[in-house]
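For reference, the chains in residue letters:
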Amino acid sequence: MSEDRNPLLAGGELPLFDQIEPSHVEPAMRQVLEEQGAALEALERALAEGTPPSWENLVDPLERMGDALSAVWGAVGHLMGVKNSDALREAYEAVQPDVVVFGLRLAQSRPVY
């Protein structure tokens, strides 16, 4: 599914809740996790190579990673609370372990911390 057809990846101020279907969850989350995983690897590599930590090259990238993940996962979590269904729970459960792994990887990153 392309980014322009997945409302979870549309960006904008507010999620397009009226357009989000359970079938959008897994592809969107896989894409976000892949992109943010690559961003984290680049950040870790730069820090390991001696880039001094600063707002611009440490805090800002970490905030962008968190915001990107929260935009999609937060919308999915909200739908779990207000429009729960078997299909949505299945999609949520399919990606939740990978979300946890990414969060743990970030929290335990030696170069970052």
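In this report, the structure presented in the accompanying data block is examined. (Residues numbered from 1 in each chain as written. Predicted model: local features only at pLDDT ≥ 70, side-chain atom pairs only at ≥ 80, totals over all residues. Heavy atoms only, no water.)

**Overview of the layout of surface pockets**
Okay, step 1: Estimated volume of the largest pocket: approximately 310 Å³.
Okay, step 2: In terms of lining residues, the largest pocket is bounded by 21 residues, among which Leu-8, Leu-9, Gly-11, Ala-71 and Val-72 are the most central.
Okay, step 3: Those elements that place two or more of their residues in the lining of the largest pocket are helix 1 (22–48) and helix 2 (55–82).
Okay, step 4: Among the elements that make up the lining of the largest pocket, the one with the highest residue count is helix 2 (five residues).
Okay, step 5: Of the residues belonging to the lining of the largest pocket, the class tally is 13 nonpolar, four polar and four charged. (1 Å grid on protein atoms, 1.4 Å probe; cavity = no way out; pocket = protein on both sides within 12 Å on 5 of 7 lines; lining within 4 Å. Points joined across faces, edges and corners; volume = space filled by probe spheres on them. Helix = DSSP H or I, 4+ residues; strand = E, 2+ residues; numbered from the N terminus. Nonpolar A, V, L, I, M, F, W, Y, C, P; charged D, E, K, R; others polar.)

**Considerations on helix 3 (residues 86–107)**
Okay, step 1: Taking 1.5 Å per residue as the helical rise, helix 3 with its 22 residues ought to reach 32 Å, and the 31 Å between its terminal C-alpha atoms agrees with that figure.
Okay, step 2: The largest bend along helix 3 reaches roughly 35° and is located at Val-95, with the proline Pro-97 sitting one to four residues downstream.
Okay, step 3: As for helix 3, its buried residues are in contact with helix 1 and helix 2. (Expected span 1.5 Å × (residues − 1). Bend = angle between axes of the 7 residues up to and from the residue. Contact = heavy atoms within 4.5 Å.)

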